[in-house]
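Okay, here's what each chain looks like letter by letter:
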Amino acid sequence: SQELEQSPQSLIVQEGKNLTINCTSSKTLYGLYWYKQKYGEGLIFLMMLQKGGEEKSHEKITAKLDEKKQQSSLHITASQPSHAGIYLCGARGVGSQGNLIFGKGTKLSVKP
Amino acid sequence: DGGITQSPKYLFRKEGQNVTLSCEQNLNHDAMYWYRQDPGQGLRLIYYSQIVNDFQKGDIAEGYSVSREKKESFPLTVTSAQKNPTAFYLCASSRDLGDEKLFFGSGTQLSVL
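The shown structure was predicted, so the numbers you read here are calculated from the model rather than taken from an experiment.

> So what's going on with the sheet that holds strand S3 (residues 19-25) of chain B? Residues and values would help.
Residues and elements named next belong to chain B. Reading across from one edge, S1-S3-S8-S7 is the order of the four strands in this open sheet, with antiparallel pairing throughout. Bordering the open sheet on either side are strand S1 (4-7) and strand S7 (64-66), each of which pairs with just one other strand. Between one strand axis and the next, the sheet turns by 20° as a mean value, whatever way the strands run.

And the structure:
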């Protein structure tokens, strides 16, 4: 079965610093989704990547999907306290009928 | 405003008791999902529904049941057969089963008394 591994599991950064979160799949990705979750709340969709080499940005968050479509990275520039939360990557499971599988998440804390 | 609503926010279950978590959406989405989230475990799929009166088991369906009598509603019952029900439960919806952009509710934290 397909698995998504995220690294690091948790991250503490000083406000204003850049950071990167990685998501690695055990199989080729046919769509990679990034979500953000605040503690005790639901997930909010950030962006979707489908093509090898694709890169998307939203405000200070940039996500990339590598050419081989097995790894994605999420980069935050000049982090702010509002960026704090849990970041999860999701992808369609190979052979599934629309079920998204998720990584275990990366917990980000931003120190003011 | 369109969205997906879960209730209650917090729920306590006594041993041997069945409890039902509510999930309602007004996004006119066909597909709905229930996920369970445990600390450090990510999200695991319990059940999903492609259309009214149809639903499929996910990866961890044992001890749970669902119904989909209306397009807008997808309640989840945690039965007494679920021996470790303490978790954060998330309901989600999407336009259809092939649409992977999911919209999530704000979750229900279930605890055992």
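> Outline the confidence of the model for chain A, supporting the account with residue identities and numerical values.
Averaged over every residue, the pLDDT of chain A is 90; the share at 70 or more is 95%. Averaged over each element, pLDDT in chain A is lowest for strand S10 (residues 100-102) of chain A (86) and highest for strand S2 (residues 10-14) of chain A (97).

> Please provide a residue-by-residue account of the nonpolar core, values included.
Residue and element names in this part refer to chain A. Counting residues in each nonpolar core, the largest one holds 23 residues, and the members touching the most others are Leu4, Leu19, Leu32, Trp34, Leu74, Tyr87 and Leu108. Looking at this core, the elements with two or more residues in it are S2, strand S3 (19-25), strand S4 (32-37), strand S5 (43-49), strand S7 (61-65), strand S8 (71-76), strand S9 (85-92) and strand S11 (106-111). Beyond its immediate stretch of four places on either side in the chain, Leu19 contacts Leu11, Val13, Leu74, His75, Ile76, Ser79 and Leu108.

> Can you tell me about unusual backbone geometry, naming the residues and giving the values?
Glycine aside, the phi torsion of most residues is negative, and most peptide linkages are trans. Of note, the bond from Ser7 of chain A into Pro8 of chain A is cis; its omega dihedral lies within 30 degrees of zero at -5°. As for its position among the elements, Pro8 of chain A is in the loop between strand S1 (4-7) and S2. A cis amide bond, omega -5°, links Ser7 of chain B with the succeeding residue Pro8 of chain B. The backbone of Asn53 of chain B sits at a positive phi, close to 65°, despite the residue not being glycine. Looking at the element boundaries, Asn53 of chain B is found in the loop between strand S5 (42-51) and strand S6 (54-57). Using a relative accessible area of 63% as the deciding quantity, one classes Asn53 of chain B as exposed.

> How would you explain the state of the cysteines if you had to name every residue and give the values?
All names here are of chain B. One pass over the structure, following the stated rule, counts two disulfides over all chains. Paired by a disulfide, Cys23 and Cys91 hold their sulfur atoms 1.9 Å apart. The disulfide joining Cys23 to Cys91 has a torsion of about -75° about its S-S bond and is therefore left-handed. Residue Cys23 is located in strand S3, and its partner Cys91 is located in strand S9 (residues 87-94); the two are separated by 68 residues in the primary sequence. Using a relative accessible area of 0% as the deciding quantity, one classes Cys91 as buried.

> So what's going on with the packing of aromatic side chains? Residues and values would help.
All told, the structure shown has 10 aromatic pairs over all chains when counted by the stated rule. Consider the rings of Phe102 of chain A and Phe104 of chain B, whose centres lie 6.3 Å apart with planes at 70°: the pair is edge-to-face. Of this pair, Phe102 of chain A sits in strand S10 while Phe104 of chain B sits in strand S10 (residues 103-104), on two different chains. Phe102 of chain A sits in the buried class, given a relative accessible area of 9%. Seen from their ring centres, Tyr47 of chain B and Phe55 of chain B are 6.0 Å apart, and the 80° between their planes marks the pair as edge-to-face. With relative accessibility at 34%, the residue Phe55 of chain B sits in the partly exposed group. Taken together, the ring pairs connect Tyr33, Tyr35, Phe45 and Phe102 of chain A together with Tyr33, Tyr35 and Phe104 of chain B into an aromatic cluster.

> Give me the lowdown on the pattern of salt bridges, citing residues and values where you can.
All names here are of chain B. Counted according to the given criterion, the structure contains six salt bridges over all chains. Its salt-bridge partner being Arg44, residue Asp38 comes within 2.9 Å of it at the nearest N-O pair. Take Asp38: its relative accessible area is 11%, and that puts it in the buried class. One network of salt bridges, in which partners are shared, links Arg36, Asp38 and Arg44.

> An account of the layout of surface pockets is requested, with residue identities and associated values reported.
Roughly 1200 Å³ of volume is contained in the largest pocket. In this structure, the largest pocket is lined by 41 residues; those nearest its centre are Lys104 of chain A together with Asp38, Gln41, Gly42 and Leu43 of chain B. Every element with two or more residues in the lining of the largest pocket is listed here: S1, S10 and S11 of chain A together with strand S4 (31-38), S5 and S9 of chain B. Tallying contributions element by element places S5 of chain B first for the lining of the largest pocket, with four residues. Looking at the lining of the largest pocket, its residues break down into 14 nonpolar, 19 polar and eight charged.

Cut-offs used in this document
Every chain begins its residue count from 1, and numbering advances along the sequence as written. Whichever chain is written first is A, and whichever ligand is written first is 1; the rest continue in order. Given that this is a predicted model, residues contribute local features only at a pLDDT of at least 70 and side-chain atom pairs are listed and counted only at 80 or more, while totals for whole chains, interfaces and linings are drawn from all residues. Side-chain metrics in this entry use all non-hydrogen atoms of the structure; hydrogen atoms and water are not considered. In short, DSSP must find at least two bridges between two strands for them to pair. The helix count covers DSSP runs of H or I at least four residues long, the strand count covers runs of E at least two residues long, and both are numbered beginning at the N terminus. Interaxial angles span 0 to 180 degrees and are taken between N-to-C directions of axes, which are lines fitted to C-alpha atoms, for helices over the stretch in contact. The predictor's confidence in any single residue is recorded as pLDDT, a number from 0 to 100. We define a nonpolar core as any set of buried Ala, Val, Leu, Ile, Met, Phe, Trp, Tyr and Cys residues linked to one another through side-chain atoms lying within 4.5 Å. Exposure categories follow from relative accessible area, calculated using a 1.4 Å probe and restricted to protein chains: below 20% of the type maximum is buried, above 50% is exposed, and the middle band is partly exposed. The contact criterion used is simple: two residues touch if any of their non-hydrogen atoms lie within 4.5 Å. Our working definition of a disulfide is a cysteine sulfur pair at a distance within 2.5 Å. Only rings of Phe, Tyr and Trp enter the pairing, Trp through its six-membered ring, and a pair is recorded when the two centres are within 6.5 Å. The plane angle decides the type: under 30 degrees is stacked, over 60 is edge-to-face, the rest tilted. Whenever Lys or Arg places a side-chain nitrogen within 4 Å of a carboxyl oxygen from Asp or Glu, that contact is recorded as a salt bridge. Using only the protein atoms, space was sampled on a 1 Å grid; points where a 1.4 Å probe fits but cannot get out form cavities, open sets with protein on both sides within 12 Å along at least five of seven lines form pockets, and lining residues are those with an atom within 4 Å of a point. Grid points are joined across faces, edges and corners, and a volume is the space filled by probe spheres set on the points. Charged residues are taken to be Asp, Glu, Lys and Arg, nonpolar residues to be Ala, Val, Leu, Ile, Met, Phe, Trp, Tyr, Cys and Pro, and polar residues to be all remaining types, Gly included.

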